[in-house]
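Each chain, written out:
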Amino acid sequence: MAQTKENESKGIETGKRSSRIQEKVGKLGNDIDTLAKKTGDEASKLAKNINKEIKSLSEEIKSIDVKDEVKSITGRVEKLVDATGDSAKKLSSEIKTDVKKLVDKIESPISKKK
């Protein structure tokens, strides 16, 4: 009986973590779209916040090595600061796709633990 309750609480905890990650990804997507439209200091500040959030996503799960993905995404976020027009839209779309792939990689082991 105790084992069942322990497994249930782990499932609830895992579900909450997955939900938190999904919320972060939604906010990141919006922020990336906004960054594509910003310039100057506003863009730099927003890029720093986006990169901080992306790094915190990877830190949620210590057991998965996503350093290369995070480095790639954060580097492209920095490029987005200087991009404008269609190239900014294209880059923001690519970044959002990469963030989604990163989340899928993080969430895959979480769902296996359920």
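As a further point, take the overall build of the protein chain. Scanning the protein chain for helices and strands turns up 4 helices and 0 strands. The order of helices and strands in the protein chain, counted from the N terminus, is α-α-α-α. Counting across all 114 residues of the protein chain, residues that qualify as buried make up 34%. When contacts within the protein chain are restricted to residue pairs at least 6 apart in sequence, long-range pairs at least 24 apart make up 70% of them. Only carbon and sulfur atoms are counted for the fraction: they give 49% of the accessible area of the protein chain, which is about 7400 Å².

The next thing to look at is the pattern of salt bridges. Scanning the model with the defined rule gives 8 salt bridges in all. Across the pair K38 and E42 runs a salt bridge whose closest N-O atoms are separated by 3.0 Å. Through salt bridges with shared partners, a single ionic network connects R76, K90, E94 and D98.

Quick look at the nonpolar core now. With 26 residues, the main nonpolar core has L35, I50, I54, V77, L80, I95 and V99 as its most contacted residues. Contributing elements (two or more residues each) for this core: α1 (2-37), α2 (40-60), α3 (67-82) and α4 (85-113). The contacts of L35, once residues within four sequence positions are left out, are A43, L46, A47, I50, V77, L80 and V81.

This part takes up the environment of N30. Mapped onto the fold, N30 is located in helix α1. For N30, a relative accessible area of 51% puts it in the exposed group. Measuring from C-alpha to C-alpha, the distance between N30 and K96 comes to 9.3 Å, with 66 residues separating the pair along the chain.

A few words on the environment of G75. Summarising the element assignment, G75 is placed in helix α3. On a C-alpha basis, the gap between G75 and I95 in space is 10.0 Å, while along the polypeptide they are 20 residues apart.

Further remarks concern the side chain of T74. The topology assignment puts T74 in helix α3. On the basis of relative accessibility, which here comes to 11%, the residue T74 falls in the buried class. Excluding residues that lie within four positions of it along the chain, T74 makes contacts with N51, I54 and K55.

This part is about the side chain of S92. Looking at the secondary structure, you find S92 in helix α4. A polar contact is formed between the side chain of S92 and the backbone oxygen of K89, at a distance of 2.9 Å. Among residues more than four places away in sequence, those in contact with S92 are I32, D33, A36 and L80.

If you check α3, its first and last C-alpha atoms are 24 Å apart, about what 16 residues at 1.5 Å a residue would give, namely 22 Å. For α3, every residue scored as buried is listed here: V70, I73, T74, R76, V77, L80 and V81. Mapping the buried residues of α3 onto a view down its axis gives an arc of 165°, with all of them on the same face. Set apart from the buried face of α3 by more than 90 degrees, the exposed residues are K67, D68, K71, K79 and D82.

Conventions adopted
Residues numbered from 1 in each chain as written. Predicted model: local features only at pLDDT ≥ 70, side-chain atom pairs only at ≥ 80, totals over all residues. Heavy atoms only, no water. Helix = DSSP H or I, 4+ residues; strand = E, 2+ residues; numbered from the N terminus. Buried < 20%, exposed > 50% of the residue type's maximum accessible area, 1.4 Å probe, protein only. Contact = heavy atoms within 4.5 Å. Areas by Shrake-Rupley, 256 points an atom, 1.4 Å probe, with all protein chains shown as cover. Salt bridge = Lys/Arg side-chain N within 4 Å of Asp/Glu carboxyl O. Core = buried A, V, L, I, M, F, W, Y, C linked by side-chain atoms within 4.5 Å. Polar contact = N/O pair within 3.5 Å; in protein donor to acceptor, adjacent residues only side chain to side chain. Expected span 1.5 Å × (residues − 1). Arc of directions from axis to C-beta.

Geometry only, nothing functional implied.
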